Amino acid sequence: MRQIVLDTETTGIDPREGHRLIEIGAVELVNRRLTGNTYHQYINPQRVVEAEAIDVHGITNEFLVDKPVFAEVADAFWAFIRGAELVIHNAAFDVGFIDHEFTLLLGSRGEPRLGPVAEHCRILDTLQLARERHPGQRNNLDALCKRYEIDNGHRVLHGALLDAEILAEVYLAMTGGQTALSLDAEERSDSQAMASGLAIRRMELPAGGLRVLRPGDEELAAHQAKLEQIRQAAGSCQWDALMDPPQGNRDAAP
């Protein structure tokens, strides 16, 4: 599954008051793996950025003077996100601004050329997800970083690409923690595996010669603690589905 974790910065709060996008940042996930494929663009909003907004993101009017207007970057941006699931914190805000920009790009018959976003992309709002997982708690990005032990010390001001990268880490932690499982040998050719000593080799073992080491009390306790951490973060744990009997006490898992 292809997902785009996305964030924006704007001239102000409400596009209905004429506010515009000034920065878009996005990172790509495929099957819960960061691919390294990103989209980042500063945009000349063709209007003044409010002082309160500059205090948040630090992007000044002078900095944006020579940047392209949205119409110049719209097609490339649309190609990057179209058909993906968009992962956004407080999605209504960002999607509202993106759709507003698209409505300003009229086709030959006077209709918007691109969008609306919700008709071409699935949208996952991580703020709503966090509120469901952690009701009654602070669920802004900084609070989630602290809760899931994600380092955001380099985040002084808001920035769209940086916030998208941090949000990707938060989203992966909030929905299961483990982002990828791969064996080095699996991703190499047979010749590379042979050269590096990673080729699979069959070993001869006499019948009954395989020792089975049982976990100690401390290992079992650590195992149960990890399972409970996964349940709290993701709402469920695949280990529970493998228990015998299936509906048994989760603490009875081996």
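Residues numbered from 1 in each chain as written. Predicted model: local features only at pLDDT ≥ 70, side-chain atom pairs only at ≥ 80, totals over all residues. Heavy atoms only, no water.

### Let's talk about the nonpolar core
- One finds Ile-4, Leu-6, Phe-70, Phe-77, Ile-81, Phe-102 and Val-117 to be the most contacted residues of the largest nonpolar core, which totals 26 residues.
- Mapped by element, the contributors of at least two residues to this core are β1 (2-10), β2 (21-30), α3 (70-81), β4 (85-88) and α4 (91-103).
- With seven residues, the top contributor of residues to this core is α3.
- Beyond its immediate chain neighbours, meaning those up to four positions away, Phe-70 contacts Arg-20, Leu-21, Ile-24, Ile-43, Phe-77, Glu-101, Phe-102 and Leu-105.
- Core analysis: the next-biggest nonpolar cluster, separate from the first, contains 22 residues, Val-5, Leu-141, Ile-150 and Ile-166 among them. (Core = buried A, V, L, I, M, F, W, Y, C linked by side-chain atoms within 4.5 Å. Buried < 20%, exposed > 50% of the residue type's maximum accessible area, 1.4 Å probe, protein only. Helix = DSSP H or I, 4+ residues; strand = E, 2+ residues; numbered from the N terminus. Contact = heavy atoms within 4.5 Å.)

### Description of the packing of aromatic side chains
- Per the counting criterion, the structure on display carries seven aromatic pairs.
- Linked through ring pairs, Tyr-39, Phe-70, Phe-77, Trp-78, Phe-80 and Phe-102 together constitute an aromatic cluster.
- One residue, Arg-2, lies across the ring of Phe-80, its end atom 5.3 Å from the ring centre. (Phe/Tyr/Trp six-rings, centres within 6.5 Å; stacked < 30°, edge-to-face > 60°. Lys NZ or Arg CZ within 6 Å of the ring centre and 35° of its normal.)

### Topic: the pairing of strand β3 (residues 33-42)
- Summarising the sheet, β2 and β3 pair through seven bridges and their orientation is antiparallel. Across the sheet, Ile-24 pairs through a bridge with Gln-41, a residue of β3.
- A loop of two residues connects β2 with β3, the two strands running antiparallel in sequence, and Asn-31 in this loop sits at a positive phi of about 55 degrees. (Pairing = 2+ DSSP bridges.)

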